[in-house]
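Each chain, written out:
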Amino acid sequence: MSLLEIQSVSVSFGGLMALKRVSFALEEGEIVGLIGPNGAGKTTLFNCLSAFQPVSEGHLRYSGVALETLSPHQVAALGVARTFQTSRIFRRMTVLEHLLVGRHLHQRTDLWAAIARPAWVAREEAEARECGLRTLALFEDRLLPRLHDFAETLSYANRRRLEIARALASEPRLLLLDEPTAGMNPHESAGIVQLIKKIRHLGISILLIEHDMKVIMGVSDRIVVLDHGEKIAEGLPEEIRRNEEVLRAYMGRRYGRA
Amino acid sequence: MPVYEFVPRRENWYVWLPLLAALVIFPLLVRSEYILSIAVYAGIYIILTSSLNITNGYTGLFSFGHAAFYGIGAYTAAILATRLGLSFWLTLPLAGVVAGLFGAAIALPTLRLTGIFLALVTIGFQEITFLVTLNWIGLTRGPMGIPAIPPPAIGGVALSGNLGYYYLILALDVIVLGLLSRIVTSRVGRAFMAIREDELAAQSAGIPTFRVKVLSFVIATFFAGIAGAFFAHHARFVSADSFRLDETFAILTMLIVGGMGSLVGPVLGAVLLVVLPEASRFLAEYRGVVYGLILIGVILFRPEGLAGVPGIIQARGALSRVDESSGAGEPVG
């Protein structure tokens, strides 16, 4: 059984079909790249997977569990974490607090424990902090020196890194990355490629939306191509590179024929 | 460390312990019933402002009905004390529970609404509560109010002067602020703040945002009810006029002037705006002008208030421009 199975998923906004019977699967440990021109439905698919967007038809199975009937926090609890295309950081919370929020699912301090403060609460907090610091170490010296800074004071690239760090802190099995290198310079993008490789070594599977072909070709095991809500191709990076249909979708009809 | 990050802990005893000691000996030095009564009111407003800060400051919910829950607490205590003869020590927690139950009843259907819509519903609830207390004569005696509420008794001795009330509210404030500081520095408090900052991202981190928002609302209304019970046993008379929309705005003003999203802010705001109108009595009819100027000055020059989290006012959806992080949906791409 695949870790993630997307079975003939359709989403329509009124008359507009954002996704038309899209199917593909992602195996445990795999990195699958999701590409396509703007408006192809990539982010819509992410929103379906994280339960922000109901599917009109079809099924989403994550290690056998149907995702389409769950709410976003339940999907997160199953071990599916995501980042957003426009980074959604907690502007007036510190870097460390982001990591602690990322640990939310692994903690159990409720209102009563917060008030009574039995000894395990302090242990749990120390543990979360330690795990947060371990996660931040993946980003070398980018975030660690800014532990107590508000997120809104971070640079653009660091905000994007922080969002990935928050997602990683929850120790997901599947990570959905929505254009992690958007707006980054080539040097920073290369850093993200390194990071993605490190994340894979942690045993985390990744579904990656990306426009930077260098990044997508460099890290993906397989690539799925969407255009106008339909899957037009799926295969190994070198197959996709040569696929006529893909070239046509990206470059226009004339280029495809030539 | 900035003031808005201050939380009383064992390690920083040298900050809060001298302050607490000063507050304990303060009445022995002033010995004025008038000054003590002002201090008692400041103590009540510290609870009201700090509890409103849980929803409006930490969680980013727009509640405009805090005085209604304050009133529900006050009436609960008044009715239980005068009809059933319950003592202050029982009416105090019960008033909190009843106000919290009303809070849950309002929160469950309305917290799916956001920003300005939640504000409208809470204002509506405020008005409904006022009209019900004014007209349900069988329960509340309507416009006649409820008089002769017995004072709290400690060890069988009923409090008579403001000195006793002063120490009682001081103890209550210490307990309430202690509880609130434990809540906001925990996983629960972080969930509140995450929802304030970005509800979608909070959900993606596994926070059940609806449930957490209801919890925030219930905590805020519970403590408003506690403040109401103290008020009822202190004033020994309650009537519907004390808990109208202008009271909600008074509490909200204290919160904004003091600063949202911090523990210190609401305390400063409550003390300042209770003491200031009294201290400026010599200005006679210019008093209101001075009060207004101070408010405008704070909003213009220090929008986060005296000790609020910087930026907390601007970046909130309904009061300002819709910024990129508050849009509901992700662009399709």
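Residues numbered from 1 in each chain as written. Chains lettered and ligands numbered in written order. Predicted model: local features only at pLDDT ≥ 70, side-chain atom pairs only at ≥ 80, totals over all residues. Heavy atoms only, no water.

1. Some points on the overall build of chain B
Along its length, chain B carries 13 helices and two strands. The C-alpha atoms of chain B give a radius of gyration of 20 Å, which matches the 20 Å a tight globule of 333 residues would have. A principal-axis box enclosing the C-alpha atoms of chain B has dimensions of 70 × 45 × 45 Å. Considering only contacts in chain B between residues 6 or more positions apart, those separated by 24 or more positions represent 77%. A total accessible area of about 14,300 Å² is found for chain B, and carbon and sulfur atoms account for 71% of it. (Helix = DSSP H or I, 4+ residues; strand = E, 2+ residues; numbered from the N terminus. Rg over C-alpha atoms; globule rule 2.2 N^0.38 Å. Contact = heavy atoms within 4.5 Å. Areas by Shrake-Rupley, 256 points an atom, 1.4 Å probe, with all protein chains shown as cover.)

2. Points about the interface of chain A and chain B
Counting residues at the interface gives 40 residues for chain A, matched by 41 residues for chain B. Counting each side, the surface lost to burial between chain A and chain B is near 3,700 Å², with a carbon and sulfur contribution of 56%. On inspection of chain A and its partner chain B, the count reaches three salt bridges. The closest approach of N and O atoms between Arg190 of chain B and Glu125 of chain A, which form a salt bridge, is 3.0 Å. Joining chain A to chain B, the criterion identifies 12 residue pairs in polar contact (both at pLDDT 80 or more). (Buried area = accessible area lost by both parts, 1.4 Å probe. Salt bridge = Lys/Arg side-chain N within 4 Å of Asp/Glu carboxyl O. Polar contact = N/O pair within 3.5 Å; in protein donor to acceptor, adjacent residues only side chain to side chain.)

3. Observations regarding the side chain of Ser10 of chain A
Residue and element names in this part refer to chain A. With respect to the helices and strands, Ser10 occurs in strand E1 (residues 4–13). Within polar-contact distance, the side chain of Ser10 engages the backbone nitrogen of Arg21 at 2.9 Å. If near-sequence neighbours (up to four positions away) are discounted, Ser10 is found in contact with Met17, Leu19, Lys20, Arg21, Val55, Ser56 and Glu57.

4. Thoughts on the pairing of strand E2 (residues 16–26) of chain A
All names here are of chain A. Bridge analysis of E1 against E2 gives seven bridges, and the strand direction is antiparallel. Of the residues in E2, the one forming a bridge with Leu4 is Leu26. Linking E1 back to E2 in an antiparallel pair, the connection comprises two residues, with Gly14 at a positive phi of about 60°. (Pairing = 2+ DSSP bridges.)

5. Digging into the pairing of strand E8 (residues 205–209) of chain A
Residues and elements named next belong to chain A. Extensive coverage of E8 is indicated by the burial of five of its five residues. Neither face of E8 is left uncovered, since the one carrying Ser205, Leu207 and Ile209 and the one carrying Ile206 and Leu208 both have all their residues buried. Both strand E3 (residues 31–35) and E8 contribute to a ladder of four bridges, which runs parallel. Across the sheet, the residue bridging to Leu34 is Ile209, located in E8. The pairing of strand E7 (residues 174–178) with E8 spans five bridges and is parallel. Note on E8: the bridge partner recorded for Leu175 is Ile206. For the crossover from E7 across helix H7 (residues 186–201) to E8, the handedness is right-handed. (Buried < 20%, exposed > 50% of the residue type's maximum accessible area, 1.4 Å probe, protein only. Right-handed = clockwise from strand over helix to strand, strands pointing away.)

6. A closer look at the packing of aromatic side chains
This structure, assessed with the given rule, holds 18 aromatic pairs over all chains. Aromatic side chains Phe150 of chain A and Tyr4 of chain B sit 6.0 Å apart centroid to centroid with 35° between the ring planes, which places their arrangement in the tilted category. Taken as a pair, Phe150 of chain A in the loop between helix H5 (119–137) and helix H6 (156–169) and Tyr4 of chain B in the segment before helix H1 (13–30) lie in two separate chains rather than in one. Neither residue differs from the other here; Phe150 of chain A and Tyr4 of chain B are each classed as buried. One aromatic cluster is present, built from ring pairs that chain together Tyr41, Tyr70, Tyr75, Phe231 and Phe243 of chain B. A cation over an aromatic ring shows up here: Arg108 of chain A above the ring of Trp120 of chain A, its NZ or CZ 4.0 Å from the ring centre. Lying over the aromatic face of Phe90 of chain A, Arg166 of chain A brings its terminal NZ or CZ to 4.5 Å of the ring centre. (Phe/Tyr/Trp six-rings, centres within 6.5 Å; stacked < 30°, edge-to-face > 60°. Lys NZ or Arg CZ within 6 Å of the ring centre and 35° of its normal.)

7. Things to note about the nonpolar core
One finds Phe230 and Val238 of chain B to be the most contacted residues of the largest nonpolar core, which totals 101 residues. Once residues lying within four places of it in the same chain are set aside, the contact partners of Phe230 of chain B are Val40, Ile44, Phe88, Leu92, Tyr165, Leu168, Ile169 and Leu172 of chain B. Counting residues in each nonpolar core, the second largest holds 43 residues, with Ile31, Leu143, Ile240 and Val246 of chain A among its members. (Core = buried A, V, L, I, M, F, W, Y, C linked by side-chain atoms within 4.5 Å.)

8. What about the pattern of salt bridges?
All names here are of chain A. Per the counting criterion, the structure on display carries 17 salt bridges over all chains. A salt bridge links Arg222 to Glu234, with the nearest nitrogen and oxygen atoms 2.4 Å apart. A residue pair is termed long-range when its members are at least 10 positions apart, and Arg222 in strand E9 (residues 222–227) and Glu234 in strand E10 (residues 230–235) qualify at 12 residues. Glu234 gets classed as partly exposed once you look at its relative accessible area, which sits at 32%.

9. Regarding the side chain of Ser220 of chain A
Residues and elements named next belong to chain A. Within the secondary structure, Ser220 sits in the loop between helix H8 (213–219) and E9. Looking at Ser220, the relative accessible area reads 7%, which means it is buried. At 2.7 Å, the side chain of Ser220 and the backbone oxygen of Ile216 are in polar contact. Beyond its immediate sequence surroundings of up to four residues, Ser220 is in contact with Ile31, Gly33 and Pro237.

10. Considering helix H8 (residues 187–197) of chain B
For H8 of chain B, the tally of buried residues reaches 11 of 11 residues, placing the bulk of the element in the interior. The residue sitting at the N-terminus of H8 of chain B and contributing the capping side-chain oxygen is Ser186 of chain B; that oxygen lies 3.0 Å from the backbone nitrogen of Val188 of chain B.

11. Structural notes on the sheet that holds strand E4 (residues 57–62) of chain A
All names here are of chain A. Read across the sheet, four strands follow the order E2-E1-E4-E5 without closing on themselves; strand pairing throughout is antiparallel. Every other strand in the sheet has two partners, leaving E2 and strand E5 (65–66) as the edge strands with one partner each. One ladder, built from five bridges, connects E1 with E4; its direction is antiparallel. Looking across to E4, one finds that Leu4 is bridged to Tyr62.

12. Focus on the packing of H6 of chain A against H7 of chain A
Residue and element names in this part refer to chain A. Close contact between H6 and H7 brings their axes to 12 Å; oriented N to C, the two are set at 10°. Our classification of the angle between H6 and H7 gives roughly parallel. Across the interface between the two elements, Ala157, Arg161, Ile164 and Leu168 of H6 pack against Glu188, Ile192, Leu195 and Ile199 of H7. Of the residues assigned to the contact of H6 with H7, the class counts are six nonpolar, no polar and two charged. (Axes fitted to C-alpha atoms, helices over the stretch in contact; angles between N-to-C directions. Parallel < 35°, antiparallel > 145°, perpendicular 65-115°, else oblique. Nonpolar A, V, L, I, M, F, W, Y, C, P; charged D, E, K, R; others polar.)

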